[in-house]
Amino acid sequence: MRSLRHLLLAALGTCCCLLQAAGQTVPADTTTHLRRGVTERTCLWGAGWANVLDTYLTPLAYKGTNFAMLHRTERLARWGQGKVSVLGRYQLHLAYLTAPTDDGKEWDAELSAAGGWLYNFHPSRRWRLACGGVLEGSGGFTYNVRGGNNPAQGRLGAALCAAALAEWSFAMLRSDALLRLEALAPVAGVMFAPQYGQSYYEIFSLGHSGGCVHFTHPGNCPTASLLAQAELPLWGARLSLGYQADVRQHTLGGLKRHAWRHTLLIGYVRRLNLLRR
């Protein structure tokens with residue numbers, strides 16, 4: 001966990017250094033990209049590394065390759081006098097993992113969808129800072145090929161998340177580019193998770209479902225997602241390069257789980273002009 005915190009701090013420091021370096025050559029007339037009637041859509045794909053522990057299935061942490069897909073949309077809201085934007089994020093993670101003893105395999109998948117509002121601040125024509133709230137729903141499963149009566153673990157949850165964003169636009173190749181740092185962290189929510197010693201046969205066949213739904217908060221579910229992204233003009237299109245640290249972990253019903261994912265991303269950005277009457 002200590003190395004994970006160091007990695008997140010290193011990513012934050014790198015983004016800040018990039019912003020400072022870019023600021024030394026940014027023209028003074030550059031403006032932020034959000035405008036009325038314009039929807040920005042970002043599609044990203046990537047691969048990286050995952051570390052997954054689920055004590056419902058095994059006391060060992062499995063490690064392996066993680067594949068990810070992320071779709072992000074943002075536009076100005078019709079209300080809020082141009083200071084409020086609507087944010088949507090959809091992401092899928094799929095990992096193939098190996099036990100530290102190299103004699104066990106595991107599949108892990110996570111799908112999440114989030115939407116909410118951000119209140120935007122503009123300290124200058126180049127900077128945009130934002131904060132707000134996002135409602136996220138997530139679900140997934142972990143399948144252990146060496147499992148016995150319970151080879152898989154399912155998850156389903158919803159949470160209200162705090163969101164923060166820092167963005168800087170600058171000129172590049174006679175066009176506009178930007179650097180963005182975005183973070184989401186759940187504040188309160190609910191999650192379905194079996195308790196220690198409770199099987200799915202008990203829950204769904206015998207009806208012994210007490211204690212499967214848990215209230216989550218930062219104390220028992222310290223989770224956060226950090227996305228660092230660069231949007232660059234390239235031959236009339238917009239190339240997006242990014243890094244995501246997705247940290248999901250909880251201690252519920254006497255069981256522990258964590259999924260630490262670090263992913264390098266590449267994709268494209270489209271800005272759509274919506275014509276409204």
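Cut-offs and rules
- Residues numbered from 1 in each chain as written.
- Predicted model: local features only at pLDDT ≥ 70, side-chain atom pairs only at ≥ 80, totals over all residues.
- Heavy atoms only, no water.
- Helix = DSSP H or I, 4+ residues; strand = E, 2+ residues; numbered from the N terminus.
- Polar contact = N/O pair within 3.5 Å; in protein donor to acceptor, adjacent residues only side chain to side chain.
- Contact = heavy atoms within 4.5 Å.
- Core = buried A, V, L, I, M, F, W, Y, C linked by side-chain atoms within 4.5 Å.
- Buried < 20%, exposed > 50% of the residue type's maximum accessible area, 1.4 Å probe, protein only.
- Salt bridge = Lys/Arg side-chain N within 4 Å of Asp/Glu carboxyl O.
- Pairing = 2+ DSSP bridges.
- Phe/Tyr/Trp six-rings, centres within 6.5 Å; stacked < 30°, edge-to-face > 60°.

1. Thoughts on the side chain of Arg 180
So, step 1. Mapping Arg 180 onto the fold places it in strand E7 (residues 175–192).
So, step 2. A distance of 3.2 Å separates polar atoms of two side chains, one belonging to Arg 180 and the other to Glu 231.

2. Points about the side chain of Asp 108
So, step 1. Secondary-structure assignment places Asp 108 in strand E4 (residues 105–121).
So, step 2. A distance of 3.1 Å separates the side chain of Asp 108 from the side chain of Arg 261, its partner in a polar contact.
So, step 3. If sequence neighbours within four positions are ignored, Asp 108 has contacts with Val 52, His 93, Leu 94, Ala 95, Leu 97, Phe 141, Thr 142, Arg 155, Arg 257 and Arg 261.

3. Re the nonpolar core
So, step 1. Formed by Leu 87, Ala 114, Leu 118, Ala 130, Val 134, Cys 161, Ala 163, Leu 165 and Leu 184, the largest nonpolar core amounts to 9 residues.
So, step 2. Contributing elements (two or more residues each) for this core: E4, strand E5 (127–144) and strand E6 (152–172).
So, step 3. The element best represented in this core is E6, accounting for 3 residues.
So, step 4. Apart from residues no more than four positions distant in its own chain, Ala 114 is found in contact with Leu 87, Gly 88, Arg 89, Val 134, Leu 135 and Glu 136.
So, step 5. Membership of the second largest hydrophobic core comes to 7 residues, among which are Val 52, Leu 97, Ala 99 and Ala 259.

4. What about unusual backbone geometry?
So, step 1. In this structure, Gln 81 is a non-glycine residue whose phi angle is positive, near 55°.
So, step 2. By secondary structure assignment, the location of Gln 81 is in the loop between strand E2 (61–76) and strand E3 (84–98).
So, step 3. At Asp 102, a position not held by glycine, the phi torsion is positive, near 65°.

5. Quick word on the pattern of salt bridges
Side chains that differ in charge, positive against negative, can pair when their charged atoms come close.
So, step 1. Across all of its chains, the model carries 25 salt bridges by this definition.
So, step 2. Residue Arg 271 is joined to Glu 40 by a salt bridge in which the shortest nitrogen-to-oxygen separation is 3.4 Å. Of the two residues, Arg 271 is situated in strand E11 (residues 255–273) and Glu 40 in strand E1 (residues 38–54); the sequence distance between them amounts to 231 residues.
So, step 3. The class for Arg 271 is partly exposed, based on a relative accessible area of 24%.
So, step 4. In this structure, the salt-bridge partner of Arg 257 is Asp 108, at a minimum N-O distance of 3.1 Å. One end of the pair, Arg 257, is in strand E11; the other, Asp 108, is in strand E4, with 149 residues separating them in the sequence. Assigned by exposure class, Arg 257 and Asp 108 land together as buried.
So, step 5. One network of salt bridges, with partners in common, ties together Glu 40, Arg 72, Glu 74, Arg 89, Arg 128, Glu 167, Asp 176, Arg 180, Glu 182, Glu 231, Arg 238 and Arg 271.

6. Side note on the pairing of E6
So, step 1. Bridge count between E5 and E6: 17 bridges; the pairing is antiparallel. Paired with Leu 129 across the strands is Ala 166, a residue of E6.
So, step 2. Pairing analysis gives 17 bridges linking E6 to E7, with the strands arranged antiparallel. Along E7, the bridge assignment pairs Cys 161 with Pro 186.
So, step 3. In textbook terms, the turn of a hairpin is the stretch between consecutive antiparallel strands, and for E6 and E7 this stretch comprises 2 residues, one of which, Leu 173, has a positive phi near 55°.

7. Remarks on the packing of aromatic side chains
So, step 1. A complete count under the given rule lists 5 aromatic pairs for this structure.
So, step 2. Taken together, a centroid distance of 6.5 Å and an interplanar angle of 55° make the contact between Trp 79 and Trp 117 tilted. Linking Trp 79 in the loop between E2 and E3 with Trp 117 in strand E4, this pair joins segments that are 38 residues apart in sequence.
So, step 3. On the accessibility criterion, Trp 117 (46% relative accessible area) is partly exposed.
So, step 4. Measuring from centroid to centroid gives 5.1 Å for Tyr 119 and Phe 121, while their planes differ by 65°, and the two rings are edge-to-face.
So, step 5. Judged by relative accessible area, Phe 121 falls into the partly exposed class, the value being 38%.

8. What about the pairing of E5?
So, step 1. Where E4 meets E5, 16 bridges bridge the pair, whose relative direction is antiparallel. Following the sheet pairing, Ala 114 is matched in E5 by Glu 136.
So, step 2. The loop that links E4 with its antiparallel partner E5 comprises 5 residues.

9. So, the environment of Thr 98
So, step 1. Following the sequence through the fold, Thr 98 ends up in strand E3.
So, step 2. Spatially, the C-alpha atom of Thr 98 lies 5.4 Å from that of Lys 63, the residues being 35 residues apart in sequence.
So, step 3. When neighbours within four sequence positions are excluded, Thr 98 is seen to be in contact with Tyr 62, Lys 63, Gly 104 and Lys 105.
So, step 4. Looking at Thr 98, its side chain comes within polar contact range of the side chain of Lys 105, at 3.2 Å.

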